[in-house]
Amino acid sequence: MTANTPAPRIIRIGLAGFGNVGAGVFKNLEKNADLLKERTGSVLTIAKVVVRDLDKAREVPVPRELLTTDWRELIADPSIAIIVELIGGTTEAFDLVCAALKAKKPVVTGNKALLAERGRELFALAEENKVPIYFEAAVAGGIPIIMAMQEAFVGNHIERIHGIINGTCNYILTRMEQAGISYAEALNEAQAQGYAEADPTLDVSGWDAAHKAIILASLSYGFWVKPEDVYVEGVDRVTLTDMGFAAKLGYTIKLLSVIRADELGRVEVRTQPSLVPRSHVLASVKGAFNAVLVKGDIVGETLFYGKGAGQDPTSSSVISDLTAAAATLDGSRYSGFVPHGLYGQSKPADETVTHYYLRLNVADKPGVLAQVATLLGDRGIGISSVIQPEDLTAESTPLVLMLDDAPLKAMKLAIAAIAALECVREEPVWLRVETLE
Ligand code: HSE
């Protein structure tokens, strides 16, 4: 520092939650402290850490005097300027964020469930108190997609977003496909690597990705999409059998989130395992990596790729938010969700249109394909290709059909009718096929 360089500002931070990501924030703020000081003119220092158990052994050591079990201490301490919420859940975390906003302390959170379910209330409170909430770490881990949506694409209508935004599910599907291991084995591996949420149900049910999709949709279209308006299916219904057929047909299976406005301005938000053409760039996103493909009306297609989970990538996003929050402390800048009235309506899931993959187990006798084709045709659904492996000895056989565009409602009616056919031996399996257009 020269005689003319101003002394760095010391910014004291309260960190609530010391799990995988919280520990990463603590570790990496120390690791890159000099760089951050040079770039921002501030020293970002964790002044207090809220933990559940004071005596737990920790891989990232924290001085005992920083620990507390009561988040209210962070709010009450006037020297703490910014609150980081990484405790998860939607009840205590909600109380903590509300208390921080009322105390005029900027909040940084990685809590996608909290924002997806209670974002409307929290951003209203943020607006009322003129205090920002930052949430880069809530969507796609280390990928700066929130900043891109809020700043880089501010001049664009967002036409559509396709995202692989759950690292755990992408890891599971990749391992099943590449190593031929079972779903359960692949899930165990993902947990061992630290990708899964504490309760992996949130990941595998598709809801973790759906929460992120709700946030992206809300930022894109200016109204808080309600969780009940979102269509969600998990990866637990994906089998090695369907992966095999998908591969033969030139597809891979991904847990894909789709966000799109139609010509009436209605917004479709859904997350489900989908067939993706192997030739598409999203098919090459493997393991715990995430990718978000955004199409804006001015910018065209853009693709963001990176680690969507894990300690270091996610803490990188929290640290970025901390520097942004620090820059607002002189009261000059408000950042958060900006509501507007250009869209405002969700599209009913039954009206969403895609191609489909359908696998049946049928009696191997004449006329079966004709019966199935008739039930599909009656509902306006065309068949684009059929596979039926030849097995002259078996009494029943798989029948795999690729179907043309249809609304989900017509597809569900067709499936119910097909399932009731005498020649259909098992519950039909169907997946969406995305053309990514
Ligand atoms: N468990 C999430 C994932 C990371 O696997 O992508 C945090 O959302």
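Nothing here was measured: the structure is a model prediction, and the numbers come from that model. (Residues numbered from 1 in each chain as written. Predicted model: local features only at pLDDT ≥ 70, side-chain atom pairs only at ≥ 80, totals over all residues. Heavy atoms only, no water.)

Let us now look at the packing of helix α13 (residues 368–378) against helix α14 (residues 408–419). Axis separation between α13 and α14 bottoms out at 9 Å; the angle between their running directions is 150°. Relative to α14, the element α13 is oriented roughly antiparallel. Handedness of the crossing formed by α13 with α14: right-handed. Each of V372, L375 and L376 in α13 lies in contact with α14, whose residues at this interface are A414, A417 and I418. Per-class residue counts for the contact of α13 with α14 are six nonpolar, no polar and no charged. (Axes fitted to C-alpha atoms, helices over the stretch in contact; angles between N-to-C directions. Helix = DSSP H or I, 4+ residues; strand = E, 2+ residues; numbered from the N terminus. Parallel < 35°, antiparallel > 145°, perpendicular 65-115°, else oblique. Left-handed = near helix turned anticlockwise from the far one by under 90°. Contact = heavy atoms within 4.5 Å. Nonpolar A, V, L, I, M, F, W, Y, C, P; charged D, E, K, R; others polar.)

Before going further, it helps to spend a moment on the pattern of salt bridges. A side chain of one charge can pair with a side chain of the opposite charge if their charged atoms are brought near each other. Enumeration over the complete set of coordinates arrives at 21 salt bridges. Here K48 makes a salt bridge to E73, at a shortest N to O gap of 3.7 Å. A residue pair is termed long-range when its members are at least 10 positions apart, and K48 in strand β2 (residues 42–50) and E73 in helix α3 (residues 72–76) qualify at 25 residues. (Salt bridge = Lys/Arg side-chain N within 4 Å of Asp/Glu carboxyl O.)

All right, on to the site of the ligand then. Among the twelve residues in the neighbourhood of the ligand, the closest are listed as K112, G167, T168, D203 and K212. Within the side chain of T168, an N or O atom sits 2.5 Å from an oxygen atom of the ligand. Here K212 contributes a side-chain N or O atom positioned 2.8 Å from an oxygen atom of the ligand. If you list the elements that add at least two residues to the shell around the ligand, you get α7 (167–179) and α10 (207–221). (Near = heavy atom within 4 Å. Polar contact = N/O pair within 3.5 Å; in protein donor to acceptor, adjacent residues only side chain to side chain.)

On the surface, a nonpolar cluster with roughly 200 Å² of combined accessible area is contributed by L369, I383 and V386. Within the secondary structure, V386 sits in strand β15 (residues 383–387). (Patch = residues over 30% accessible without salt bridge, like charges linked within 9 Å, V, L, I, M, F, W, Y side chains within 5 Å. Areas by Shrake-Rupley, 256 points an atom, 1.4 Å probe, with all protein chains shown as cover.)

Our focus in this paragraph is the side chain of N28. Position of N28 among the secondary structure elements: in helix α1 (residues 20–31). Classification of N28 by relative accessible area gives buried; the value is 12%. Of the polar contacts made by the side chain of N28, one reaches the side chain of S315; its length is 2.9 Å. Every residue in contact with N28, bar those within four places of it in the chain, is listed here: D312, S315 and I319. (Buried < 20%, exposed > 50% of the residue type's maximum accessible area, 1.4 Å probe, protein only.)

With that out of the way, let us pick up the nonpolar core. With 87 residues, the main nonpolar core has F135, I145, M149, L216, L275, V292 and V294 as its most contacted residues. Not counting chain neighbours up to four residues away, the residues in contact with V294 comprise I145, M149, F153, I158, R160, I161, G300, E301, T302 and F304. (Core = buried A, V, L, I, M, F, W, Y, C linked by side-chain atoms within 4.5 Å.)

Domain boundaries assigned for the protein yield domain 1 (9–143 + 315–327), domain 2 (146–309) and domain 3 (351–433). Computed from C-alpha coordinates alone, the two centres of domain 2 and domain 3 are separated by 26 Å. Facing 19 residues of domain 2, the contacting portion of domain 3 comprises 18 residues. Carbon and sulfur atoms make up 65% of the area that domain 2 and domain 3 hide from each other, which totals about 1500 Å². (Domains from an automatic or database assignment. Buried area = accessible area lost by both parts, 1.4 Å probe.)

Looking now at the environment of G244. Mapped onto the fold, G244 is located in helix α11 (residues 240–248). Exposure remark for G244: the relative accessible area of 33% places this residue in the partly exposed category. Considered as a pair, G244 and R266 are 22 residues apart in the sequence and their alpha carbons are 35 Å apart.

All right, on to the packing of helix α4 (residues 92–102) against helix α5 (residues 112–129) then. A pair of packed helices is characterised by two quantities: the angle between their axes and the separation of those axes. Two elements in contact, α4 and α5, have axes separated by 10 Å at closest approach and are oriented at 15°. The angle between the axes of α4 and α5 places the two elements in the roughly parallel class. Here α4 runs over α5; the crossing is right-handed. Residues A93, F94, V97, C98, L101 and K102 of α4 form the contact with α5, whose own contacting residues are L114, R118, E121, L122, L125, A126 and N129. Grouping the amino acids of the contact of α4 with α5 by side-chain chemistry returns nine nonpolar, one polar and three charged.

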